[in-house]
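# Understanding the architecture of this molecule
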Amino acid sequence: MPDSLEEFAFARFLRFWRAVHGLSQEELAFRLQCSPRHISRLENGSSRPSEAIISEIALALNLGKRDLNHLRISAGYAASEEIIDFNAPELKWLRKAMILTLRALDPYPTSLMDTSANILMVNRGWLGFYSKLLSSDELQKTGNFYDYLFSRGVSGGVSNLENTLSVILMSLQQVALFNNKDSDRATLARLSAAPSVPADWRQRAAGLEPMASYRVQVNLDDDLATFFSVSTTVGALGPTAYASEPRLTICTLYPEDDALDLSGLVDDKKKHPLLFY
């Protein structure tokens, strides 16, 4: 057993919130209907909290979702997520901010995605770029980036595709292991069955770190151009920022050649269900 209380994240959180509310161990124990000795053991790290008592502590101390998730993660449990609809009325301000952001990034091809890689919004640069890769009908129906990437294979323009897909699958695999949800396992099974996925994707991914970007190559006006896909997370601050909902990612393609003129990708006449300006 570690000697220092500093080694127990949950203990630090519990002591902090007790102090915030000015409660003694005895008073908190009374609220939880447990013994003060149990609270003491939780705070010195000799007892690991159950998920049930973490919820009871959060309720007793009137903690919000963020602080409940801090408690859960500090004790080694997955964050408790409540999926929030990006199109909900109360998120009108966020949708407006994302439209302005995507518009400002033109002509660089940009999309906004949720945690399942569902495409929520695109800009005109994105529409012009993928018009080079997809038919008009395919482009109108494209709604999930993972489905597009795994189904298109090398025709999707991604360099080193097998490693890229392997790293994505490993990320999804670890989410499934951590959350233990049927929906996560179903997504992993569906994507890993794609013909473009190498049989040894687990072994490949084990030797690769998650990529900050990947390369995309596409013919623009009969010239092969290389782009780097770079992602930016939209979310809250703090240790569990990744668990805040809605969790959004802005994905932008930047040309390798700084001199490449992308203005031709922006066409005010083109329409798409996910283009909102």
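### What to know about the environment of Ala225
Note that Ala225 resides in strand 4 (residues 223–234). The exposure class of Ala225 is buried, given its relative accessible area of 9%. A sequence separation of 31 residues divides Ala225 from Glu256, and the C-alpha atoms of the two residues are 7.7 Å apart.

### Let's talk about the confidence of the model for the chain
For the chain, the average pLDDT comes to 88, and 92% of its residues sit at 70 or higher. Within the chain, strand 3 (residues 213–220) has the poorest average pLDDT of any element, 80, and strand 2 (residues 119–122) the best, 97. Here residues 1–5 is modelled with pLDDT under 50, and outside its nearest four sequence neighbours on either side it reaches 10 contacts, counting other chains as well.

### Looking at the pairing of strand 2
Inspection of the sheet shows strand 1 (residues 110–113) paired to strand 2 by 3 bridges, in the antiparallel sense. Paired with Met113 across the bridge in strand 2 is Ile119. In textbook terms, the turn of a hairpin is the stretch between consecutive antiparallel strands, and for strand 1 and strand 2 this stretch comprises 5 residues, one of which, Ala117, has a positive phi near 65 degrees.

Analysis parameters
- All residue numbers refer to positions counted from 1 along the written sequence of the respective chain.
- Only residues with pLDDT of at least 70 are given local features in this predicted model, and only at 80 or more are side-chain atom pairs given and counted; all residues enter the totals for whole chains, interfaces and linings.
- Note: side-chain values were computed over all heavy atoms of the structure, leaving out hydrogens and water.
- Labels follow the DSSP assignment, with helices taken as runs of H or I lasting at least four residues and strands as runs of E lasting at least two, numbered in each case from the N terminus.
- Remark: exposure states derive from per-residue accessible area (1.4 Å probe, protein chains only) relative to the maximum for the residue type, with buried under 20%, exposed over 50%, and partly exposed in between.
- pLDDT runs from 0 to 100 and stands for how confident the predictor is about each residue.
- In this description, contact between two residues means that some pair of their heavy atoms is separated by no more than 4.5 Å.
- What makes two strands pair is DSSP finding at least two bridges between them.

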